[in-house]
There are 2 protein chains.
Amino acid sequence: MSFTYEFERPGLTVDGVIFGLDFEEETLKVVLVERDVEPFEGMWALPGGFVRNGESLEDAALRELREETGIKDVFLEQLYTFGKPNRDPRGWVVSVAYYALVAPDQHHLLATTDARRAEWFPVNKLPKLAFDHAEVLQTALQRLRGKLTYAPIGFELLPDKFSIRQLQTLYEIVLGQKLDNRNFRKKIFSLDVLKELNEIQTGVAHRAARLYKFDERKYKQLTRQGLTFEI
Amino acid sequence: MSFTYEFERPGLTVDGVIFGLDFEEETLKVVLVERDVEPFEGMWALPGGFVRNGESLEDAALRELREETGIKDVFLEQLYTFGKPNRDPRGWVVSVAYYALVAPDQHHLLATTDARRAEWFPVNKLPKLAFDHAEVLQTALQRLRGKLTYAPIGFELLPDKFSIRQLQTLYEIVLGQKLDNRNFRKKIFSLDVLKELNEIQTGVAHRAARLYKFDERKYKQLTRQGLTFEI
DNA sequence: CCAAAAGTGTTGGGACTACACCCATGA
DNA sequence: TCATGGGTGTAGTCCCAACACTTTTGG
């Protein structure tokens, strides 16, 4: 045991970049919290906090998301670890960043503990962020864009039942380019991961779109056996 | 400052998975070191050690690689951070793993500090490893295989001057499948990142292959502007 | 009956696959 | 001159981009 004591230890935090889509505004959004503690009190930041002994990194990330934003049961993946010497005014603090994908309508925001409030912000209209969180967020964005083109993680951003148009809009928003209607449909159907429902959209002033959910089984299968999934 | 002291702090280490190719044996290899300190003294492990205050994570990784294996000036990229509660018998220790790509002939192995010796091992004939390093290594392997198919990082594993056959062998070894000769050449040349040299292979009992290096400029350009690079 | 979005068919071209073949060299 | 790998040509196939069109629905 004596060995480790030769070395100074850093503080260890986790931070989370929670992505969600706003279909009305057609923008990609992230959850930020207004800090209720020093340092950077009153400033917007990514939800996060210190990891506790006995807790895995992922558990810590899930806990912080729950505590500071009320969000739980989401797709979560480790992003990158940030450890530049002076990234935290409190001293030596290393942060393991995660990113999460959620369907906003299905998750009500609720700030507690170290956060005054939690809110969705469009990724291209962000306030000034605490720490190096602007950099963390950019890294997450790059990862999301990159991954979306070769892994089927996009589904995580949709509600349970969705139309093909919504799926396409998702891709258009995140990738920042219009996609060909016909070709998109062909591509998606060729993957054979959607289950057609006997339901259609309601409350629209035009032909209602058919709704789909996805076939968990086939989807998992794809994810496992190194799929090629390009849009 | 008082805030951080409420929280217990973990030890923080970096570990490195150094990949290299053995063209004679046609295998992918990694550098392991025999530990000269407790815990796991005498056991094989990934090179690594504690991060120091004031040092960035990447600097720490580079330093450890240099100290324990003598390897420097290599392609290095963060892999993943491992933080399961009981991964280290010394207590709470979190490790940020990196992976590196080198051309073995151009780097002489030399163990110092906490390592008794450093040696190349084929990835499919590994000894029992200390800590959770077997898991770290598997993660690195997956990443290398994945990344190789969409980013031009393979070049980092080759000597300065190389033949197309070597490049192809590289892909065949790492991906674990034979590739069509003709098609591979077409693909590679279509990327337009190779600079043809006025040199050919020597010391072979058959037609000597032309040697190439790559065009740093075009290569960097590709890497930047989100290339699509599929084999 | 019309606006607005859902949903479909088809074609040309480019890229990839799968071959069979010729070339240069040392022994 | 032959064994060995280096290096090339090309036809068929499949996938994808780029279109223009029909269908359904609420107002």
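Above this note sits the structure.
## As for the layout of surface pockets
The gaps left among the atoms become clear once a water-sized probe is rolled over them.
Residue and element names in this part refer to chain A.
So, step 1. Of the volumes computed, that of the second largest pocket is approximately 680 Å³.
So, step 2. As for the second largest pocket, its lining consists of 31 residues, of which Phe23, Ser163, Arg165, Gln166 and Gln201 are closest to the centre.
So, step 3. Counting residues per element, the lining of the second largest pocket draws most heavily on helix α3 (residues 164-175), which supplies 6 residues.
So, step 4. Per-class residue counts for the lining of the second largest pocket are 11 nonpolar, 8 polar and 12 charged.

## A word on the sheet that holds strand β8 (residues 162-163) of chain A
Strand pairing in a sheet takes place through backbone hydrogen bonds and is either antiparallel or parallel in direction.
Residue and element names in this part refer to chain A.
So, step 1. The 3 strands are arranged β8-β10-β9 in an open sheet whose pairing can be described as antiparallel. The sheet terminates laterally at β8 and β9 (194-200), the two strands that pair on one side only.
So, step 2. Inspection of the sheet shows β8 paired to strand β10 (residues 210-214) by 2 bridges, in the antiparallel sense. Counterpart to Ser163 in the pairing with β10 is Leu211.

## Here we look at the packing of helix α3 (residues 164-175) of chain B against helix α4 (residues 181-191) of chain B
Residues and elements named next belong to chain B.
So, step 1. Here α3 crosses α4 at 105°, and the two axes come no closer than 11 Å. Here α3 lies roughly perpendicular to α4, going by the angle between them. Of the residues in α4, those touching α3 at Ile164, Leu167, Gln168 and Tyr171 are Asn181, Phe184, Arg185, Ile188 and Phe189.
So, step 2. Taken together, the residues that form the contact of α3 with α4 break down as 6 nonpolar, 2 polar and 1 charged.

## Focus: the pairing of β10 of chain A
So, step 1. Sheet topology note: the β9 of chain A/β10 of chain A ladder contains 4 bridges and is antiparallel. Across the sheet, Ile200 of chain A pairs through a bridge with Arg210 of chain A, a residue of β10 of chain A.

## Details of the environment of Asp59 of chain B
So, step 1. As for its placement among the helices and strands, Asp59 of chain B is situated in helix α1 (residues 57-69).
So, step 2. The sequence separation of Asp59 of chain B and Val14 of chain B amounts to 45 residues, and the corresponding C-alpha distance is 9.8 Å.

## With respect to the pattern of salt bridges
All names here are of chain A.
So, step 1. Under the definition given, this model contains 40 salt bridges over all chains.
So, step 2. Salt-bridge contacts for Lys161 lead to Glu199; the nearest nitrogen and oxygen are separated by 2.9 Å. Of this pair, Lys161 sits in the loop between α2 (133-148) and β8 while Glu199 sits in strand β9; the two residues are 38 residues apart in sequence, bridging distant segments of the chain.
So, step 3. Overall, Glu199 belongs to the partly exposed group, its relative accessible area being 34%.
So, step 4. Each member of the salt-bridge network shares a partner with another, and the members are Glu34, Asp36, Glu41, Arg116, Arg117 and Glu119.

## Description of the interface of chain B and chain A
Size of an interface: often given as the accessible area lost when the parts come together.
So, step 1. The interface of chain B with chain A comprises 31 residues on the first partner and 30 residues on the second.
So, step 2. A combined buried area of about 3,100 Å² lies between chain B and chain A, and 63% of that area is made up of carbon and sulfur atoms.
So, step 3. Three residues stand out in chain B for area buried against chain A, namely Arg9, Asn53 and Trp92 of chain B, and they jointly supply 19% of the buried area on that side.
So, step 4. Summed over the shared surface of chain B and chain A, the number is 0 salt bridges.
So, step 5. At the junction of chain B with chain A, the criterion picks out 6 residue pairs in polar contact (both at pLDDT 80 or more).
So, step 6. Only β1 (11-22), β5 (75-82) and β6 (93-101) of chain B provide two or more residues apiece to the side of chain B that touches chain A.
So, step 7. The element best represented in the side of chain B that touches chain A is β5 of chain B, accounting for 4 residues.
So, step 8. A per-class count over the side of chain B that touches chain A returns 17 nonpolar, 8 polar and 6 charged.

## So, the protein's contact with DNA strand C
So, step 1. Residues in contact with DNA strand C amount to 18 residues; listed here are only the nearest, Arg182, Lys186 and Arg210 of chain A together with Asn183 and Lys187 of chain B.
So, step 2. When atoms of DNA strand C within 4 Å of the protein are split into backbone and base, the sugar-phosphate part holds 53%.
So, step 3. At a separation of 2.8 Å, a base oxygen of DNA strand C approaches a polar side-chain atom of Lys186 of chain A.
So, step 4. Arg207 of chain B is positioned such that a nitrogen or oxygen atom in its side chain is 3.2 Å from a base oxygen of DNA strand C.
So, step 5. Those elements giving two or more residues to the surface near DNA strand C turn out to be α4 (181-191) of chain A together with α4 of chain B.
So, step 6. At 4 residues, the largest contribution of residues to the surface near DNA strand C is made by α4 of chain B.
So, step 7. Here the surface near DNA strand C is composed, by residue class, of 4 nonpolar, 3 polar and 11 charged.

## Regarding α3 of chain B
All names here are of chain B.
So, step 1. For α3, with 12 residues, the first-to-last C-alpha span of 16 Å sits near the 16 Å given by 1.5 Å per residue.
So, step 2. The buried count for α3 comes to 9 of 12 residues, which makes it a mostly enclosed element.
So, step 3. Three or more residues of α3 are buried, namely Ile164, Leu167, Gln168, Thr169, Leu170, Tyr171, Glu172, Ile173 and Val174.
So, step 4. Just downstream of α3, Gly176 is the residue with a positive phi angle, here 75°.

## Concerning the relation of the copies chain B and chain A
So, step 1. For these two chains of identical sequence, chain B goes onto chain A by a turn of 180° and a shift of 0.0 Å along the axis, with RMSD 0.0 Å. Between the two chains, the operation in question is that of a two-fold axis. Scanning chain B for the C-alpha nearest the rotation axis identifies Arg9 of chain B, at a separation of 3.0 Å.
So, step 2. Looking at the interface residues of chain B, 97% of them are also at the interface in chain A, so both copies use one shared face.

Basis of the calculations
- Residues numbered from 1 in each chain as written.
- Chains lettered and ligands numbered in written order.
- Predicted model: local features only at pLDDT ≥ 70, side-chain atom pairs only at ≥ 80, totals over all residues.
- Heavy atoms only, no water.
- 1 Å grid on protein atoms, 1.4 Å probe; cavity = no way out; pocket = protein on both sides within 12 Å on 5 of 7 lines; lining within 4 Å.
- Points joined across faces, edges and corners; volume = space filled by probe spheres on them.
- Helix = DSSP H or I, 4+ residues; strand = E, 2+ residues; numbered from the N terminus.
- Nonpolar A, V, L, I, M, F, W, Y, C, P; charged D, E, K, R; others polar.
- Pairing = 2+ DSSP bridges.
- Axes fitted to C-alpha atoms, helices over the stretch in contact; angles between N-to-C directions.
- Parallel < 35°, antiparallel > 145°, perpendicular 65-115°, else oblique.
- Contact = heavy atoms within 4.5 Å.
- Salt bridge = Lys/Arg side-chain N within 4 Å of Asp/Glu carboxyl O.
- Buried < 20%, exposed > 50% of the residue type's maximum accessible area, 1.4 Å probe, protein only.
- Buried area = accessible area lost by both parts, 1.4 Å probe.
- Polar contact = N/O pair within 3.5 Å; in protein donor to acceptor, adjacent residues only side chain to side chain.
- Near = heavy atom within 4 Å.
- Expected span 1.5 Å × (residues − 1).
- Least-squares fit on C-alpha atoms with pLDDT ≥ 70 in both.

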